[in-house]
Amino acid sequence: TFDLFHAGHVEALREARALGDFLLVGVLSDDHSRALCGESRPILTLTERVLGVAGCRYVDDVVIDSPWDLSADALSAMDVDVVAALRVDLD
């Protein structure tokens, strides 16, 4: 969700960028973030989170309201060859 963007996010994005020549980052909607993380999340709005991610030097583009699970069709449509995911255990 990239809520409260911090140095750990930057490091993860740096590592992801090293896997290829273009880094496309998905940011979940506020509703999707709430469904995954609870009613008190996200703290920042979707716009604020997108701007934080887009401002990172390692990020080439941002997918706004991206899906949590990426289908083969979606990856093909975006010409994605490698997927790097930062996932948190929500249990």
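In short, a report on the structure. (Residues numbered from 1 in each chain as written. Predicted model: local features only at pLDDT ≥ 70, side-chain atom pairs only at ≥ 80, totals over all residues. Heavy atoms only, no water.)

Now for the overall build of the protein chain. Helix and strand content of the protein chain: 4 helices and 2 strands. Element order for the protein chain, N to C, with α for helix and β for strand: α-β-α-α-β-α. Here the C-alpha radius of gyration of the protein chain, 13 Å, is about what a compact globule of 91 residues would show, namely 12 Å. C-alpha atoms of the protein chain, sized along the principal axes, occupy 35 × 30 × 25 Å. Across the 91 residues that make up the protein chain, the buried fraction comes to 23%. Taken as a whole, the protein chain presents about 6100 Å² of accessible surface, with 51% of it coming from carbon and sulfur. (Helix = DSSP H or I, 4+ residues; strand = E, 2+ residues; numbered from the N terminus. Rg over C-alpha atoms; globule rule 2.2 N^0.38 Å. Buried < 20%, exposed > 50% of the residue type's maximum accessible area, 1.4 Å probe, protein only. Areas by Shrake-Rupley, 256 points an atom, 1.4 Å probe, with all protein chains shown as cover.)

A word on the side chain of Arg49. As for its position among the elements, Arg49 is in helix H3 (residues 46–54). Here Asp30 takes part through its side chain, which lies 2.5 Å from a polar atom of the side chain of Arg49. Residues within four places of Arg49 in sequence aside, it is in contact with Thr1, Phe2, Asp3, Val27, Leu28, Ser29, Asp30, Ser33, Pro42 and Leu44. (Polar contact = N/O pair within 3.5 Å; in protein donor to acceptor, adjacent residues only side chain to side chain. Contact = heavy atoms within 4.5 Å.)

Now for a nonpolar patch on the surface. Taken together, the side chains of Leu70, Met78 and Val83 present a nonpolar region at the surface, about 230 Å² in accessible area. Relative to the elements of secondary structure, Met78 occurs in the segment after helix H4 (72–77). (Patch = residues over 30% accessible without salt bridge, like charges linked within 9 Å, V, L, I, M, F, W, Y side chains within 5 Å. Salt bridge = Lys/Arg side-chain N within 4 Å of Asp/Glu carboxyl O.)

Under the defined criterion, the tally for this structure stands at 1 aromatic pair. With a centroid separation of 6.3 Å and an interplanar angle of 40°, the aromatic rings of Phe2 and Phe5 are classed as tilted. When its relative accessible area of 27% is taken as the criterion, Phe5 is described as partly exposed. (Phe/Tyr/Trp six-rings, centres within 6.5 Å; stacked < 30°, edge-to-face > 60°.)

Burial of the side chains of strand E1 (residues 24–27) is restricted to one face: Val25 and Val27 are buried, whereas none of Leu24 and Gly26 on the reverse face is. Direction of pairing for E1 relative to strand E2 (residues 61–64): parallel, over a ladder of 4 bridges. The partner of Gly26 across the bridge, within E2, is Val63. (Pairing = 2+ DSSP bridges.)

With that settled, the discussion passes to the environment of Val80. Along the chain, Val80 falls in the segment after H4. Taking the C-alpha atoms as reference points, Val80 and Arg14, separated by 66 residues in sequence, lie 17 Å from one another. Beyond its immediate sequence surroundings of up to four residues, Val80 is in contact with Leu24 and Leu75.

The subject of this paragraph is the pattern of salt bridges. Oppositely charged side chains can pair when the atoms bearing their charge come close. Here the structure, examined in full by the defined rule, presents 5 salt bridges. As a salt-bridge pair, Asp3 and Arg41 come within 3.9 Å of each other at their nearest N and O atoms. Taken together, the residues span a long stretch of sequence, with Asp3 in the segment before helix H1 (7–17) and Arg41 in the loop between helix H2 (30–37) and H3 at a distance of 38 residues. Taking the shortest distance from any N to any O, the salt bridge between Asp60 and Arg17 comes out at 3.2 Å. Pair noted here: Asp60 is in the loop between H3 and E2 and Arg17 is in helix H1, with a separation of 43 residues, a long-range link. Taking the relative accessible area as the measure of exposure, Arg17 reaches 24% and is therefore partly exposed.

From the geometry alone we can't say anything about function, so treat these as descriptive.
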